[in-house]
Amino acid sequence: MEEMFDMDTVFEYIGYAAGLATVIAFAIQTVRILKSKSVTGLSSYMYIMYSLSLICWSAFGVYIESWVLAGSMAVTFLFTFVILLLILYYDEEDKIERYRKDSLTGIYNRKYFEEAVPVKIAESVVAKKPFSIIMASISNLDKIHKEMGGKYQGRALKLTAKALEKALRDSDFIARFDDNKFAVFLDNADEKTAKSVFKRVLDSINGIEIKKDDKLVEKIGLLVGICSSKYATDLTDLEDKSNKALQGAVYKGQNMVRVYEEEKSSEPEKTKKKEPARKSKK
């Protein structure tokens, strides 16, 4: 019994436990980064210092012939080095994503939309698949800002972006186009499909309430303009025509979907020239 609790033995087991705990801690951190693909809050400088200190501790372990210390520090150093590489890699990826994303809503920005969507259009044209470009805006955003302030205006934009993202498929592409406009590339969708999709989107958007002091002030409304590949395959042309459809929706109500064909067909017909009345023969 006395030999089992000999102080040298106790401290030896403490050393084993400390070395194992250190290795496990850094192993868990490595796995977490690999799963989340995020290095938020981690500093590359801190892990460089960790690596240097671990090298020193490992060398010290060799010097005092403590193979537990030397071995655990060497294994921990390997995990630390992997973490450092992941920080450098994912930090660069994060910078690219921040460049592409809208800072308020978290969805893509207009610049990246106009970089990425032409590639998607080209792929759809080659595959002979229909597609549509949608322009959408919050119909009562100015009213929300006027009655509740900029904070709630921002909240309305965030909630709308989140609802649009949730309603769309992975193959679709959404971006914040300007202050109060969202642009969407709808993959493999003609104008009929696009209209059907966004009518369902309207139902979900219309359920979003903006409250102030726990009191309902306003429900978000959405206006939608659609142009399908039937009318254009150039992005600029598609944007212009979906914007025209959106302008037509503005005068129709708080929640409205309007396609470019409808906008075009609703233009007033030109009046026919009246033929001069024939003189009656006497």
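Just above sits the structure.
### A look at the side chain of asparagine 109
Now for step 1: Here asparagine 109 lies in strand β1 (residues 108-109).
Now for step 2: By relative accessible area, which is 15% here, asparagine 109 ends up buried.
Now for step 3: With sequence-adjacent residues up to four places away left out, asparagine 109 is seen in contact with Tyr99, Arg100, Lys101, Asp102, Ala175 and Arg176.

### Points about the packing of helix α5 (residues 141-148) against helix α6 (residues 150-167)
Now for step 1: With their axes 7 Å apart at the nearest point, α5 and α6 run at an angle of 150 degrees to one another. Judged by the twist between their axes, the crossing of α5 over α6 is right-handed. Contact with α5, carried on its side by Leu141, Ile144, His145 and Met148, involves Gly150, Tyr152, Gln153, Ala156 and Leu157 of α6 and no other residues of that element.
Now for step 2: For the contact of α5 with α6, the residue count by class is 6 nonpolar, 3 polar and no charged.

### So, a nonpolar patch on the surface
Now for step 1: Together, Tyr45, Ile48, Met49, Leu52 and Ile55 make up an exposed nonpolar region whose accessible area comes to about 540 Å².
Now for step 2: By the element assignment, isoleucine 55 lies in helix α2 (residues 44-63).
Now for step 3: Assessed through its relative accessible area of 44%, isoleucine 55 is described here as partly exposed.

### Here we look at the side chain of threonine 105
Now for step 1: Take threonine 105: it is sitting in the loop between α3 (67-100) and β1.
Now for step 2: Taking relative accessible area as the criterion, threonine 105 reaches 14% and is therefore assigned buried.
Now for step 3: For threonine 105, the side chain forms a polar contact with the side chain of aspartate 102, separated by 2.7 Å.
Now for step 4: For threonine 105, the residues in contact, after removing those within four places along its chain, are Leu157, Lys158, Ala161 and Arg176.

### Description of the packing of aromatic side chains
Now for step 1: Scanning the model with the defined rule gives 9 aromatic pairs in all.
Now for step 2: With 5.3 Å between their ring centres and 70 degrees between their planes, tyrosine 231 and tyrosine 260 make a pair best called edge-to-face. Of this pair, tyrosine 231 sits in the loop between β7 (222-228) and α8 (235-250) while tyrosine 260 sits in helix α9 (residues 260-265); the two residues are 29 residues apart in sequence, bridging distant segments of the chain.
Now for step 3: Here a set of aromatic residues connected by ring pairs shows up, and it is made of Tyr108, Tyr112, Phe113, Phe173 and Phe177.
Now for step 4: Taking the ring centre of tyrosine 108 as reference, the NZ or CZ of lysine 101 above it sits at 5.2 Å.

Criteria and cut-off values
- Residues numbered from 1 in each chain as written.
- Predicted model: local features only at pLDDT ≥ 70, side-chain atom pairs only at ≥ 80, totals over all residues.
- Heavy atoms only, no water.
- Helix = DSSP H or I, 4+ residues; strand = E, 2+ residues; numbered from the N terminus.
- Buried < 20%, exposed > 50% of the residue type's maximum accessible area, 1.4 Å probe, protein only.
- Contact = heavy atoms within 4.5 Å.
- Axes fitted to C-alpha atoms, helices over the stretch in contact; angles between N-to-C directions.
- Left-handed = near helix turned anticlockwise from the far one by under 90°.
- Nonpolar A, V, L, I, M, F, W, Y, C, P; charged D, E, K, R; others polar.
- Patch = residues over 30% accessible without salt bridge, like charges linked within 9 Å, V, L, I, M, F, W, Y side chains within 5 Å.
- Areas by Shrake-Rupley, 256 points an atom, 1.4 Å probe, with all protein chains shown as cover.
- Salt bridge = Lys/Arg side-chain N within 4 Å of Asp/Glu carboxyl O.
- Polar contact = N/O pair within 3.5 Å; in protein donor to acceptor, adjacent residues only side chain to side chain.
- Phe/Tyr/Trp six-rings, centres within 6.5 Å; stacked < 30°, edge-to-face > 60°.
- Lys NZ or Arg CZ within 6 Å of the ring centre and 35° of its normal.

Any functional reading would require information that these geometric values do not contain.
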